[in-house]
Amino acid sequence: MSESVDKIKKDAETRMAKSVDTLKNDLGKIRTGRAHPGLLETVRIDYYGNKAPLNQVANVSASDARTLTVTPFDKSQAAAIEKAIRESDLGLNPVSAGGVIRVPLPSLTEERRKELSKHVRAEGENAKVAIRNVRRDANQHLKDALKKKLITEDDDKRSEEAVQKFTDRFITEVDKLVATKEKDVMQV
């Protein structure tokens, strides 16, 4: 009897944590004023006929606060890597210097910072919606178990309260992540 309740609560907590992890990943891809290797994660390279992620064909590192350095494992792929970065929707203009590609990051305008800030808030809101959907699903499973008389009304109430505590905890974490990222984006 209580095994199913524990399973429902554990599943809800795990799914909520995954929503927060997804948000962290998505926020990591949003550009702030500083260079970060994760910025180029979405770039795909035409590597001998296959589309490969940049981090599988080159080493990406931040050489300073405004410059990324891309060092191809296979030097003959430098032109393809440079082209892929230029054609990505990131608005970057890489410069090849021998076997190394330097990617200077232009400073963000105030208007672009505000756009990015709105995007950060939208991502946070999407994560909150996902967490609330998990709560709704968990509560529905608990109600179904109650209807089938697998759990008592007291178990149902206690479990709903536990699920609500998970929800509150993860939504607070989302708010903190969004506030931190927004501060990073707006920082000149």
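Before any of the text, the structure's been laid out above.
Since we're looking at a predicted model, the values are computed, not measured.

The rules we used
- Residues numbered from 1 in each chain as written.
- Predicted model: local features only at pLDDT ≥ 70, side-chain atom pairs only at ≥ 80, totals over all residues.
- Heavy atoms only, no water.
- Helix = DSSP H or I, 4+ residues; strand = E, 2+ residues; numbered from the N terminus.
- Rg over C-alpha atoms; globule rule 2.2 N^0.38 Å.
- Buried < 20%, exposed > 50% of the residue type's maximum accessible area, 1.4 Å probe, protein only.
- Areas by Shrake-Rupley, 256 points an atom, 1.4 Å probe, with all protein chains shown as cover.
- Phe/Tyr/Trp six-rings, centres within 6.5 Å; stacked < 30°, edge-to-face > 60°.
- Lys NZ or Arg CZ within 6 Å of the ring centre and 35° of its normal.
- Pairing = 2+ DSSP bridges.
- Contact = heavy atoms within 4.5 Å.
- Expected span 1.5 Å × (residues − 1).
- Arc of directions from axis to C-beta.
- Salt bridge = Lys/Arg side-chain N within 4 Å of Asp/Glu carboxyl O.

Student: Hey, could you go over the overall build of the protein for me, with residue numbers and the actual values?
Tutor: Of regular secondary structure, the protein possesses five helices and six strands. For the protein, the C-alpha radius of gyration of 22 Å lies well beyond 16 Å, the compact-globule estimate for 188 residues. Relative to its 188 residues, the protein shows a buried fraction of 37%. In the form shown here, the protein has an accessible surface area of approximately 11100 Å², with 50% of it arising from carbon and sulfur atoms.

Student: Go over the packing of aromatic side chains with me, naming the residues and quoting the values.
Tutor: Here the structure, examined in full by the defined rule, presents zero aromatic pairs. Note that Arg169 overlies the ring of Phe170, its terminal NZ or CZ placed 4.5 Å from the centroid.

Student: How would you summarise the pairing of strand β3 (residues 58-64) if you had to cite specific residues and measurements?
Tutor: Inspection of the sheet shows β3 paired to strand β4 (residues 67-72) by six bridges, in the antiparallel sense. Note on β4: the bridge partner recorded for Ser61 is Thr69. In this structure, the hairpin formed by β3 and β4 is closed by a connection of two residues.

Student: Describe the side chain of Glu123, naming the residues involved and giving the relevant values.
Tutor: Relative to the elements of secondary structure, Glu123 occurs in helix α4 (residues 110-147). Those residues in contact with Glu123 that lie beyond four places of it in its chain are Leu23, Asp26, Leu27 and Ile30.

Student: Any chance you could break down α4 for me, citing the residues and the numbers?
Tutor: Residues spaced three or four apart along an α-helix face the same direction, because each turn holds 3.6 residues. With 38 residues, α4 should reach 56 Å at 1.5 Å per residue; the first-to-last C-alpha distance of 55 Å fits that figure. Just beyond α4, the residue with positive phi is Lys149, at close to 60°.

Student: Can you tell me about helix α3 (residues 78-87), naming the residues and giving the values?
Tutor: Taken as a whole, α3 has its buried residues at Ala78, Ile81, Glu82, Ala84 and Ile85. For α3, the arc enclosing every buried residue in end-on projection is 165°, short of the 170-degree limit, so these residues lie on one face. Counted as exposed and oriented over 90 degrees from the buried face of α3: Ala79 and Glu87. On its buried face, α3 sits against β1 (44-47), α2 (54-57), β3, β4, β5 (95-97) and β6 (100-104).

Student: Which residues make up the environment of Leu27, and what are the values?
Tutor: Along the chain, the position of Leu27 falls in helix α1 (residues 2-28). For Leu27, a relative accessible area of 5% translates into the label buried. Spatially, the C-alpha atoms of Leu27 and His119 are 9.3 Å apart, while their sequence positions differ by 92 residues. Beyond its immediate chain neighbours, meaning those up to four positions away, Leu27 contacts Val120, Glu123, Leu177, Val178 and Lys181.

Student: Explain the pattern of salt bridges to me, and be specific about the residues and the numbers.
Tutor: All told, the structure shown has twelve salt bridges when counted by the stated rule. Between Lys24 and Glu173 there is a salt bridge whose closest N-O contact spans 3.7 Å. One end of the pair, Lys24, is in helix α1; the other, Glu173, is in helix α5 (residues 153-186), with 149 residues separating them in the sequence. Taking the relative accessible area as the measure of exposure, Lys24 reaches 40% and is therefore partly exposed. Residue class for Glu173 comes out partly exposed when judged on its relative accessible area of 27%. Residue Asp137 pairs with Arg136 through a salt bridge whose shortest N-O separation is 3.3 Å. Judged by its relative accessible area of 23%, Asp137 falls in the partly exposed class. One salt-bridge network, in which partners are shared between bridges, spans Asp11, Arg15, Arg136 and Asp137.

These results come straight from atomic positions and should not be treated as a statement about function.
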